[in-house]
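So you can see what is in the structure, the chains are spelled out below.
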Amino acid sequence: MITESRLKKILHRGDFAVTAECGPPKGADPEVVRNKGKLLKGYVDSANVTDNQTGVVRLCSLAACALLKAEGLDPVLQMVTRDRNRIALQSDVLGASALGIRNILCLSGDHQSFGNQPQAKGVFDIDSVQLIQAVRQMRDAGEIIGGEKLTAPPQLFIGAVANPFADPFKYRAARLATKVEAGAEFIQTQCIFNLKRFKEWMDLVRDYGMDNKVFILGGITPLKSARMAEYMAKQVAGMDVPEEIISRMKAAPAKEQRQEGIKIAVETIQALQEMKGVHGVHIMAIEWEDVVSQIVQEAKLFPRPQV
Amino acid sequence: MITAERKPIAEIKEMLAPYRKILVVGCGSCVAECASGGEKEVGLLSSALRMDAKASGKEIEVKEMTLDRQCVYEFIDQLTDVIHRYDIVLSLACGAGVQAVAEVFPKVLIVPALNTTFLGETKEAGLWVENCRGCGDCKLGVFAAVCPVTRCAKGLFNGPCGGSRTERCEVDPDVPCAWQLIVSRLEDMGRLDLLRKVHPPADWSKQQGKGPRKIRREDQRT
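A quick note: this is a predicted structure, and the numbers were derived from the prediction, not measured.

Visitor: So what's going on with the overall build of chain B? Residues and values would help.
Guide: Scanning chain B for helices and strands turns up 7 helices and 7 strands. If you list the helices and strands of chain B from N to C, you get β-α-β-α-α-β-α-β-α-β-β-β-α-α. In terms of overall dimensions, chain B is more spread out than a globule: its C-alpha atoms have a radius of gyration of 22 Å, far above the 17 Å expected for 222 residues. On the principal axes, the C-alpha backbone points of chain B span a range of 65 × 45 × 25 Å. Counting every position in chain B, which comprises 222 residues, the buried fraction comes to 33%. Taking contacts inside chain B between residues at least 6 apart in sequence as the whole, the part at least 24 apart equals 56%.

What follows is the structure, encoded as structure tokens:
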């Protein structure tokens, strides 16, 4: 039986989608993945599994997605081009579809020098845009790179990422357009703390007419503490945490900082719901998956619609 | 040019340790330009080896020679009458030069004094930067003469990654983001349209091919 992507159905119906990130463990225990899945089930439409995020070796995204699928979730397979060449990537795309995984998110991946294997060779045989194009061609034309026919095409809803906060800013919307032209059907953005800049980016996105061509899910990361806010502002590449967010976190007493972080997340979601062209949110609660249900409920996005 | 850096002296000494008669051979081309393997560096390294041997009470003989090029037979031939008098040859050429000499003298022991690093330019005195990977399929014409294969840490063909801030590369803040350069240069030239099309996957067979690559030009063969 061919199941369909829940995320695709939700977005095509015009519902405001909720996805969340599920980070796999640095070990082989499947229970860790299942337990995280249980925390998210019912509160999100789909769950992303990261692919050796920040270049750190973890249980592979494909296996974790299969485990989540068996728990009744709709997984989003994150696939980076850093570690595998086009032979391996296309092979895994076929394998994912065969296992019933229906969503894929194509990325280039964090550079290997940031991770726990800094001496590894970065593959980057193809880039994220070329991966999007390859998956789209596999699905719609039933062809791999180079034109050879597949016996059966993969069934995948194709996503890409966008960082509205990175440079060169003016080119960022054009870059989104490139990804859409290559075949991306949904976009999950970098965590939004600077709403003003995100709005400016959305204006550019609408100028390009992209809000009608692709579903955009705004990235949300609840802050655990003022220290985390400062760390993300200074140490994490491509992250924009404005001073006002840091001082707001600092103003809260240490014990209440988590609650303040959740409050900021909920307020951001509500602001995004009002923004034309934003079709959902993607919650990345880093090693804090149990907070997702609370955020979804406080943002009044629970219960999730039946499809 | 091909750039190289001298190996640590301890590593060089370890390779030479069992031998007494040493021929130190420099190269007057790229590695002389980047101050790692020319006549001057041959002199400095040879003196260091002699002084070190003297200090440790070891008797060695070090002969210095520098060829115009170690990668071309006509110049390598200058070693023919000399090379067999030595136990070992310490080459200050790039990897291509070391192997070219070894091919000509199959029975001679030859070891490298340099780590060959990259194809690059002299940015300023004492600073060399990589800007070509020799991919065999140059696309500088569409990327405003900035090579994304070499100068973008992820070798991206279709725009910048999400990590560039304040126009610097996330991997090394000393390095400008290659895509920032490409975008602003094309903007200045009014050619941002060149970025609108999706660049297909590169043909890496032109770089890796079937093992080592070769260029054969019939018009150059006599």
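So much for the structure itself; the text now carries on.
Visitor: Before we move on, can you summarise the packing of helix α9 (residues 243-251) of chain A against helix α10 (residues 257-273) of chain A with the specific residues and values?
Guide: The description of two helices packed together rests on the angle between their axes and the distance between the axes. Residues and elements named next belong to chain A. The N-to-C vectors of α9 and α10 enclose an angle of 145°; their axes lie 8 Å apart at closest approach. Note that α9 runs across α10; the crossing there is right-handed. Contacts between α9 and α10 pair Ile 245, Arg 248 and Met 249 from the former with Gln 257, Glu 260, Gly 261 and Ile 264 from the latter. Residues of the contact of α9 with α10, tallied by class, amount to 3 nonpolar, 2 polar and 2 charged.

Visitor: Pulling in residues and values, what's your account of the pairing of strand β4 (residues 88-91) of chain B?
Guide: Residue and element names in this part refer to chain B. As defined by bridge partners, strand β2 (residues 21-27) adjoins β4 across 4 bridges and the pair is classed as parallel. Opposite Val 25, over in β4, you have Ser 91 as the bridge partner. Pairing analysis gives 3 bridges linking β4 to strand β5 (residues 110-112), with the strands arranged parallel. Within the sheet, the bridge partner assigned to Val 89 lies in β5 and is Ile 110. On the question of chirality, the crossover connecting β4 to the parallel β5 by way of helix α5 (residues 95-104) is right-handed.

Visitor: Run through the domain arrangement of chain B, naming residues and quoting values.
Guide: Along its sequence, chain B is organised into domain 1 (2-118) and domain 2 (133-206). One C-alpha centre belongs to domain 1 of chain B, the other to domain 2 of chain B; they are set 38 Å apart.

Visitor: Report on the sheet that holds β2(B), specifying residues and quantitative values.
Guide: Remark on secondary structure: sheet strands pair via backbone hydrogen bonds, oriented parallel or antiparallel. Residue and element names in this part refer to chain B. Spatial ordering of the open sheet is given by β3-β2-β4-β5, a layout of 4 strands whose pairing is parallel. Each of the sheet's edge strands pairs with one partner strand only, and the pair in question is β3 (61-67) and β5. Adjacent strand axes in the sheet meet at a mean angle of 25°, parallel and antiparallel pairs treated alike. Bridging between β2 and β3 involves 7 bridges; their strand directions are parallel.

Visitor: Which residues make up the interface of chain A and chain B, and what are the values?
Guide: Every contact between the two is made by 26 residues of chain A and, on the other side, 25 residues of chain B. Elements with a contribution of two residues or more to the side of chain A that touches chain B: α5 (128-140) and α6 (169-182) of chain A. For the side of chain A that touches chain B, the element with the most residues is α6(A), which contributes 5 residues. In the side of chain A that touches chain B, the residues fall into 10 nonpolar, 10 polar and 6 charged.

Visitor: A description of the nonpolar core should follow, citing residues and the corresponding values.
Guide: Grouped together as the largest cluster of nonpolar side chains are 92 residues, with contacts concentrated most on A:Leu77, A:Ile104, A:Val135 and A:Ile187. With near-sequence residues (within four places) excluded, A:Ile104 lies in contact with A:Leu77, A:Met79, A:Val93, A:Ala96, A:Val135, A:Leu156, A:Ile158 and A:Gly159. Counting residues in hydrophobic clusters, the runner-up holds 32 residues, among them B:Leu92, B:Ala93, B:Cys94 and B:Trp128.

Cut-offs and rules
Residues numbered from 1 in each chain as written. Chains lettered and ligands numbered in written order. Predicted model: local features only at pLDDT ≥ 70, side-chain atom pairs only at ≥ 80, totals over all residues. Helix = DSSP H or I, 4+ residues; strand = E, 2+ residues; numbered from the N terminus. Rg over C-alpha atoms; globule rule 2.2 N^0.38 Å. Buried ≥ 20, exposed ≤ 12 C-beta atoms within 10 Å, placed from the backbone. Contact = placed C-beta atoms within 7 Å. Axes fitted to C-alpha atoms, helices over the stretch in contact; angles between N-to-C directions. Left-handed = near helix turned anticlockwise from the far one by under 90°. Nonpolar A, V, L, I, M, F, W, Y, C, P; charged D, E, K, R; others polar. Pairing = 2+ DSSP bridges. Right-handed = clockwise from strand over helix to strand, strands pointing away. Domains from an automatic or database assignment. Core = buried A, V, L, I, M, F, W, Y, C linked by C-beta atoms within 7 Å.

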